[in-house]
Protein chains: 2
Amino acid sequence: MASALRVLGIDPGLTRCGVGVVDVARDRSASLVHVGVVRSATDLPIEQRLATIAAGIRAVLRSHNPDVVAVERVFAQQNRNTVMGTAQASGIALLVAAEYGLPAATHTPSEVKAAITGYGAADKLQVQTMVARVLRLDALPQPADAADALALALCHAWRQGPGNAAGPDATASLTPAQRAWADAERAAARR
Amino acid sequence: MASALRVLGIDPGLTRCGVGVVDVARDRSASLVHVGVVRSATDLPIEQRLATIAAGIRAVLRSHNPDVVAVERVFAQQNRNTVMGTAQASGIALLVAAEYGLPAATHTPSEVKAAITGYGAADKLQVQTMVARVLRLDALPQPADAADALALALCHAWRQGPGNAAGPDATASLTPAQRAWADAERAAARR
């Protein structure tokens, strides 16, 4: 896949940080390169937890050399107990991308769900099922936490790639979910 | 001040990140080493803003070689518009400390105010005035944003230093504010 875009998706977290790397071709077909979770022990001091997350992400960058990094956008409204740690981990992910010389982007959970399933309020199983189908996996992506990172990477490629600028005629090769998303994007642009 | 503890205080922010370095002696007297603000341009992509903040903090670490880093703790309840950027910047500050081999600590704004003024709900001017007095500055610390970083550094040294373990007799050399804080700490410990 010489002309593919290689995207590292990161689902930020302090205890479990999902990382997924996919190659996405110009025709929007995609293949799995790597999936995993970077963990940090809950009994470590916060600064060492963040350093562990940074080291884990840097290792993925070195091993798989993506073209771009996509990070899930964190909102203050999310789960109060962990949101600050999640926000800190997202900052680490963005910093590590910049220091590796890569552009980074953030996408909201509902953008990701809409891009993958055509439905912004899809549940976890629907997202995992679509990710497995798109990547032609025999089973749902494992570990389950990392499926979100793969979904994020696919979302980024589909929204930022050549397909993003496509007109109505260019949607013929899209999956139904992708077409629904393209339609929704055009509808939003007309508003 | 050979046996002084050198503390870097960081008031995290994406647009303005206050940094203040103080030396605090065993008798809790303190002197100013450095004060400043690390800025990042609001029109830069988020990952480059975070990299700018990281580079600025690393420069302070290299120039002033503190023993410990104290970072203001960020809460989800704070100003909604900027809290995620502030949390990301705090994660960067903690990461940079760890990667420099330093321990880090976080303190809440009310802990800082109580440590400096004896009153957890003190206003900015009261904190700045006490910081100027403690550090024997001719004017309020400039830039004003960075006064919080100095207050944080002083708070950390006073709470973590030898004075922290002091019994009732050891409070004789404290300022009224420090004594009020020590009293409050003992009262809390008895509860």
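Residues numbered from 1 in each chain as written. Chains lettered and ligands numbered in written order. Predicted model: local features only at pLDDT ≥ 70, side-chain atom pairs only at ≥ 80, totals over all residues. Heavy atoms only, no water.

### Section: the side chain of Asp148(A)
Residue and element names in this part refer to chain A. Among the structural elements, Asp148 can be located in helix H5 (residues 144–160). The exposure class of Asp148 is buried, given its relative accessible area of 17%. Those residues within four positions of Asp148 in sequence are excluded, and the remaining contacts are Asp11 and Lys124. (Helix = DSSP H or I, 4+ residues; strand = E, 2+ residues; numbered from the N terminus. Buried < 20%, exposed > 50% of the residue type's maximum accessible area, 1.4 Å probe, protein only. Contact = heavy atoms within 4.5 Å.)

### What to know about the pattern of salt bridges
Taken as a whole and judged by the stated rule, the model has 10 salt bridges over all chains. A salt bridge links Arg6(B) to Asp23(B), with the shortest nitrogen-to-oxygen separation between them at 2.7 Å. Pair noted here: Arg6(B) is in strand S1 (residues 5–11) and Asp23(B) is in strand S2 (residues 16–24), with a separation of 17 residues, a long-range link. Overall, Arg6(B) belongs to the partly exposed group, its relative accessible area being 23%. Salt-bridge contacts for Arg58(B) lead to Glu99(B); the nearest nitrogen and oxygen are separated by 4.0 Å. Note that Arg58(B) is positioned in helix H1 (residues 46–64) and Glu99(B) in helix H2 (residues 83–99), a separation of 41 residues in sequence. Residues joined in a network through salt bridges with shared partners are Arg58(A), Glu99(A), Arg58(B) and Glu99(B). (Salt bridge = Lys/Arg side-chain N within 4 Å of Asp/Glu carboxyl O.)

### A look at the relation of the copies chain A and chain B
Between the two copies of the chain lies a rotation about an axis combined with a shift along it. For the pair chain A and chain B, the relating rotation is 180 degrees, the translation along its axis is 0.0 Å, and the fit reaches an RMSD of 0.0 Å. Classification of the inter-copy transformation places it as that of a two-fold axis. Every residue of chain A has its C-alpha some distance from the rotation axis, and the shortest such distance is that of Gln88(A), at 2.3 Å. Looking at chain A, 100% of its interface residues are interface residues in chain B too, so the copies touch through the same face. (Least-squares fit on C-alpha atoms with pLDDT ≥ 70 in both.)

### Topic: the packing of helix H1 (residues 46–64) of chain A against helix H2 (residues 83–99) of chain A
Residues and elements named next belong to chain A. Packing of H1 against H2 leaves a shortest axis separation of 10 Å and a crossing angle of 40 degrees. Here H1 is positioned oblique relative to H2, judged by the angle of their axes. H1 and H2 meet at a crossing whose hand is right-handed. In this structure, H1 contributes Ile46, Leu50, Ile53, Ala54, Ile57, Arg58 and Leu61 to the contact, and H2 contributes Gln88, Ala89, Ile92, Ala93, Val96 and Glu99. (Axes fitted to C-alpha atoms, helices over the stretch in contact; angles between N-to-C directions. Parallel < 35°, antiparallel > 145°, perpendicular 65-115°, else oblique. Left-handed = near helix turned anticlockwise from the far one by under 90°.)

### So, unusual backbone geometry
All names here are of chain A. Residue Gln142 is joined to Pro143 through a cis peptide bond whose omega torsion reads -10 degrees. Looking at where Pro143 falls in the secondary structure, it is placed in the loop between helix H4 (124–134) and H5. The backbone phi angle of Asn65 is positive, close to 45 degrees, even though this residue is not glycine. By secondary structure assignment, the location of Asn65 is in the loop between H1 and strand S4 (68–72).

### Points about the UniProt feature "active site" (unreviewed entry) in chain A
All names here are of chain A. Per the UniProt annotation, the sites labelled "active site" (unreviewed entry) are Asp11, Glu72 and Asp145. Their sequence span is 135 residues, while the largest C-alpha to C-alpha distance among them is just 12.9 Å; these annotated residues converge on one region. The subset of the named residues that lines the largest pocket consists of Asp11, Glu72 and Asp145. Its location among the elements puts Asp11 in strand S1 (residues 5–11). When neighbours within four sequence positions are excluded, Asp11 is seen to be in contact with Arg16, Cys17, Gly18, Glu72, Asp145, Asp148, Ala149 and Leu152. Its place among the elements puts Glu72 in strand S4. For Glu72, the residues in contact, after removing those within four places along its chain, are Ile10, Asp11, Pro12, Ser90, His107, Pro109 and Leu152. (UniProt positions renumbered as here; feature names shortened; annotations may be inferred. 1 Å grid on protein atoms, 1.4 Å probe; cavity = no way out; pocket = protein on both sides within 12 Å on 5 of 7 lines; lining within 4 Å.)

### Description of the layout of surface pockets
One number sums up the size of the largest pocket: a volume of about 880 Å³. For the largest pocket, the lining is made up of 37 residues, of which Pro12(A), Gly13(A), Thr82(A), Val83(A) and Thr86(A) are closest to its centre. Broken down by secondary-structure element, the contributors of at least two residues to the lining of the largest pocket are strand S2 (16–24), H2, helix H3 (109–117), H4 and H5 of chain A together with H2 of chain B. When its residues are assigned to classes, the lining of the largest pocket shows 14 nonpolar, 13 polar and 10 charged. When its volume is computed, the second largest pocket comes out at roughly 600 Å³. Mapped onto the lining of the second largest pocket, the elements with two or more residues apiece are S2, H2, helix H3 (109–117), helix H4 (124–134) and helix H5 (144–160) of chain B. If one sorts the elements of the lining of the second largest pocket by residue count, H5(B) sits on top with four residues. For the lining of the second largest pocket, the per-class residue count stands at 10 nonpolar, nine polar and nine charged. (Points joined across faces, edges and corners; volume = space filled by probe spheres on them. Nonpolar A, V, L, I, M, F, W, Y, C, P; charged D, E, K, R; others polar.)

### With respect to the sheet that holds S4(A)
Residues and elements named next belong to chain A. Sheet architecture is open: five strands sit in the order S3-S2-S1-S4-S5, paired in mixed fashion. Strand pairing shows two members of the sheet lacking a second neighbour, strand S3 (30–39) and strand S5 (104–107), which therefore form its edges. When strand polarity is set aside, the average angle formed by the axes of neighbouring strands in this sheet is 20 degrees. In terms of strand pairing, S1 meets S4 through four bridges, oriented parallel. Paired with Gly9 across the bridge in S4 is Ala70. Strands in contact with H2 are S1, S4 and S5; relative to S4, the strand with the most contacts, it is inclined by about 170 degrees. Packed onto the sheet, H5 meets S1, S2, S3, S4 and S5 and runs at close to 40 degrees relative to S2. (Pairing = 2+ DSSP bridges.)

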